[in-house]
Amino acid sequence: MTPFAIAGVQMHVAALHSNVEAMRHRIDVLMARFPWVQMALFSELAPYGPLDRFAQPFPNDVIDQFQHDARRHGIWLIPGSMFEKLEDGRIRNTSVVINPEGEIVAKYAKMFPFRPYEANVDAGTEFCVFDVPGAGRFGLSICYDIWFPETTRHLTAQGVEVLLHPVLTGTTDRDAEIAIARATAAQFQCYVFDVNGLAAGGVGRSLVVDPAATVLHQSAGQEDMFPIEVDFDLVRRQRETGLKGLGQVLKSWRDRSADFPIYDRASGADAWLHTLGPLELPQKGSRAGMAPPDPRAPLNAYEAPVAPLTPLALLKGGQG
């Protein structure tokens, strides 16, 4: 067994003032209660909440404080994410990974901002993979990223064994997100640590899922610290022998016979997607989508014309 102890921290997040001191206090409490924890993960936008008016350049004094805490406690620390202001004025939703020496070893900007609601947040384009010596390989994605399985597929194709997933979900789709977290664990044979916030930081219900899609812990709607020891040997064994000795999905993907034109933007395979309306906020009384285009229409150019069936042909089961 190759064990490694990770703690998720589900806490109240305020939108109008800093939560940094509250986070640092919880790190101290966490390590006092569970001194065997080796990594701590907070929710998306935990330090300052969901308002981008608190955006600031990286590195900054807040990250310095978290680096000090990681070094003081000798832990890996992912302090959620913050809005980062780039030199050209653009804003990204960015997370950092801090090692037990207090060094920033990785940085990740959310690839899929929650558009159209986060229309002013720029998307990142770089993946985040990092190794913990003596343990295993980790990947980082943020909230809406997990709805796009290509993000996790890219990470696990590089050997990621634990997906760290800070989220800020305060909306009615939390049930769907929980289902996606479980499906992601099974599809990619990895642990998923999905940490949500409270109040302005979300509706809670954080969860940890193992590679067989078993929920190891699920929080409710109150503050929670949940240390879970993961087993990297379990991940490696299951990737070789399959989920419960059954589906070997990563190897099946590797050995696939099919290519997927949908990933080539010039292929035309996504023609139907271009018949959908613009990515915009719903409006009061909108009838968008009530008369959707026929999904067969974009394919007609690739299909041979089919003669209509006569009544006699219909009676003969479609034979002329």
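Note: the structure precedes this text.
Please read these numbers as outputs of a predicted model, since none were measured by experiment.

## Here's the deal with the pattern of salt bridges
Two side chains of opposite charge can pair, provided their charged atoms sit close to one another. A full pass over the atoms with the stated rule returns 19 salt bridges. Here E84 ties to K107 by a salt bridge, and the two come within 2.8 Å at their closest N and O atoms. Here K107 lies in strand 7 (residues 104-109) and E84 lies in strand 5 (residues 82-85), a separation of 23 residues in the sequence. Using a relative accessible area of 44% as the deciding quantity, one classes K107 as partly exposed. Ionic pairing is found between D131 and R137, a salt bridge with its closest N-O pair at 2.6 Å. Judged by relative accessible area, which is 40%, D131 ranks as partly exposed.

## Topic: helix 3 (residues 149-157)
Every buried residue belonging to helix 3 is among T151, T152, L155 and T156, and all of these are buried. One side of helix 3 carries all its buried residues, which in axial view fall inside an arc of 120°. Elements in contact with the buried residues of helix 3: strand 8 (129-132), strand 9 (136-140), strand 10 (162-166), helix 4 (174-188), helix 5 (232-241) and helix 6 (249-254). Remark: G159 follows helix 3 within two positions and exhibits a positive phi of approximately 95°.

## What to know about the packing of aromatic side chains
With the rule as written, the count across this model stands at 13 aromatic pairs. Look at F34 and W36: their rings are 6.1 Å apart centre to centre, the planes differ by 75°, and that puts the pair in the edge-to-face class. On the basis of relative accessible area, F34 is assigned to the buried category, the value being 17%. Geometrically, the ring pair formed by Y144 and F148 is edge-to-face, given 5.1 Å between the ring centres and 85° between the ring planes. For F148, a relative accessible area of 24% corresponds to the partly exposed category. Among the aromatic residues, ring-to-ring pairing joins F112, F114, Y117, Y144, W147 and F148 into one connected group. Against the face of W253 rests R153, its NZ or CZ located 3.9 Å from the ring centre. Its guanidinium or amino end placed over the ring of W253, R256 lies 4.1 Å from that ring's centre, counting from NZ or CZ.

## Quick look at the side chain of S206
Within the fold, S206 resides in the loop between strand 13 (202-203) and strand 14 (207-209). Setting aside anything within four residues of it in sequence, one finds S206 in contact with Q10, R174, D194, V195, N196, H217, Q218, S219 and F226.

Cut-offs and rules
- Residues numbered from 1 in each chain as written.
- Predicted model: local features only at pLDDT ≥ 70, side-chain atom pairs only at ≥ 80, totals over all residues.
- Heavy atoms only, no water.
- Salt bridge = Lys/Arg side-chain N within 4 Å of Asp/Glu carboxyl O.
- Helix = DSSP H or I, 4+ residues; strand = E, 2+ residues; numbered from the N terminus.
- Buried < 20%, exposed > 50% of the residue type's maximum accessible area, 1.4 Å probe, protein only.
- Arc of directions from axis to C-beta.
- Contact = heavy atoms within 4.5 Å.
- Phe/Tyr/Trp six-rings, centres within 6.5 Å; stacked < 30°, edge-to-face > 60°.
- Lys NZ or Arg CZ within 6 Å of the ring centre and 35° of its normal.

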